[in-house]
Amino acid sequence: EGINHKTLHLQTSFGYNNITLTNNEGYPKVYETIDQVLKVYYDNMIVMYETLRLKQIATAEAKYLKHSNMRKFIHLVIEGQIVVFKQKLATIHEQMTAHEIPHDCYTRAKLHQFDAENLKLLDEKMAGCVATIDRLKTLTPQIMWSSRLEALHASFVKSGYTDWIT
């Protein structure tokens, strides 16, 4: 009657005290509860996701500008407003400067790119950049966090590690 899991000491309990972790500055910080640790972790991750989002926007904007400049350059060459064949480099650079086109477009351009098909391709790439920028501008760090957690959850479910997932 008096024999149960408690009297046989078959139950183990865990407790936490003096949870000490290093903060962002590298100094130890004492936390009283796991909830405090999770709150600090979440806050730090939200800041990290916002930084990531802004960096991705800047990268997409830089790609858009690169494609836009190349498209403008190729278009002007096709239209004959910039002449690149049998011209000195200084003359080509003068023409590009007059049309506010970075000089690296000339060094990156390949002869086979000077056609209408490539203009369409650059238009598609620019549209892709605009779509990416628009999507990133509507995202919040919280949405990014949630989608990563959902992906992690799906990965655990797929691999069969579901014993601890509720």
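For the structure, see preceding data.
These numbers come from a predicted model, not from an experiment.

K.L.:
I keep staring at helix H5 (residues 141-159) and nothing clicks. Help me out?
P.N.:
Because each turn of an α-helix spans 3.6 residues, side chains separated by three or four positions in sequence point in the same direction. Over its 19 residues, H5 extends 27 Å from the first C-alpha to the last, a length consistent with the 27 Å expected when each residue adds 1.5 Å. Within H5, the full set of buried residues consists of Pro141, Met144 and Trp145. Seen end-on, H5 carries its buried residues on one side only, within an arc spanning 100°. Exposed residues on H5 whose side chains face more than 90 degrees from its buried face are Glu150 and Lys158. Looking at the buried positions of H5, the neighbouring elements they touch are helix H1 (34-79). Taken from the residues just after H5, Gly160 is the one with a positive phi, measuring 95°.

K.L.:
Would you mind going over the side chain of Gln113 with me for this structure?
P.N.:
Relative to the assigned elements, Gln113 resides in the loop between helix H3 (104-108) and helix H4 (116-138). Among the polar contacts made by the side chain of Gln113, one reaches the main-chain amide nitrogen of Lys110 at a distance of 2.7 Å. For Gln113, the residues in contact, after removing those within four places along its chain, are Ile74, Arg108 and Asn118.

K.L.:
Mind showing me how you'd approach the environment of Ile74 here?
P.N.:
Turning to its location among the elements, Ile74 is positioned in helix H1. Assessed through its relative accessible area of 0%, Ile74 is described here as buried. Separated by 48 residues in sequence, Ile74 and Leu122 place their C-alpha atoms 10.0 Å apart. If we ignore the near neighbours within four places in the chain, the residues touching Ile74 are Gln113, Phe114, Asp115, Asn118, Leu119 and Leu122.

K.L.:
Would you take a moment to explain the side chain of Asn69 for this structure?
P.N.:
Examined against the element boundaries, Asn69 turns out to sit in helix H1. Those residues in contact with Asn69, other than ones at most four positions away along the chain, are Ile101, Pro102 and Cys105.

K.L.:
Help me understand the packing of aromatic side chains, please; the structure alone is not making it clear to me.
P.N.:
When we look at a pair of aromatic rings, we describe it by the centre distance and by the angle of the planes. The tally for this structure, following the rule as stated, stands at five aromatic pairs. Look at Tyr41 and Trp145: their rings are 5.9 Å apart centre to centre, the planes differ by 65°, and that puts the pair in the edge-to-face class. Of this pair, Tyr41 sits in helix H1 while Trp145 is found in helix H5, placing the two residues 104 residues apart along the sequence. Residue classification places Tyr41 among the partly exposed positions, given a relative accessible area of 45%. By relative accessible area, which is 15% here, Trp145 ends up buried. Pairing Phe73 with Tyr106 gives two aromatic rings, centres 6.5 Å apart and planes at 90°, and the pair type is edge-to-face. Residue Phe73 is located in helix H1, and its partner Tyr106 is located in helix H3; the two are separated by 33 residues in the primary sequence. Taking NZ or CZ as reference, Lys29 lies 5.4 Å from the ring centre of Tyr31, over its face.

K.L.:
Teacher, can you tell me more about unusual backbone geometry here?
P.N.:
A positive phi angle, close to 55°, is found at Lys86, a residue other than glycine. Considering the arrangement of structural elements, one finds Lys86 in the loop between H1 and helix H2 (89-98). Under the relative-accessibility criterion, Lys86 is labelled exposed at 87%. Even without being a glycine, Glu100 presents a positive backbone phi close to 55°. Turning to its location among the elements, Glu100 is positioned in the loop between H2 and H3.

K.L.:
What is the right way to read the pairing of strand S1 (residues 19-22) from this model?
P.N.:
Two faces make up the sheet, and in a regular strand the side chains alternate between them. Note that S1 and strand S2 (residues 28-31) share four bridges and pair antiparallel. Across the sheet, Ile19 pairs through a bridge with Tyr31, a residue of S2. Linking S1 back to S2 in an antiparallel pair, the connection comprises five residues, with Gly26 at a positive phi of about 90°.

The rules behind each value
Residues numbered from 1 in each chain as written. Predicted model: local features only at pLDDT ≥ 70, side-chain atom pairs only at ≥ 80, totals over all residues. Heavy atoms only, no water. Helix = DSSP H or I, 4+ residues; strand = E, 2+ residues; numbered from the N terminus. Expected span 1.5 Å × (residues − 1). Buried < 20%, exposed > 50% of the residue type's maximum accessible area, 1.4 Å probe, protein only. Arc of directions from axis to C-beta. Contact = heavy atoms within 4.5 Å. Polar contact = N/O pair within 3.5 Å; in protein donor to acceptor, adjacent residues only side chain to side chain. Phe/Tyr/Trp six-rings, centres within 6.5 Å; stacked < 30°, edge-to-face > 60°. Lys NZ or Arg CZ within 6 Å of the ring centre and 35° of its normal. Pairing = 2+ DSSP bridges.

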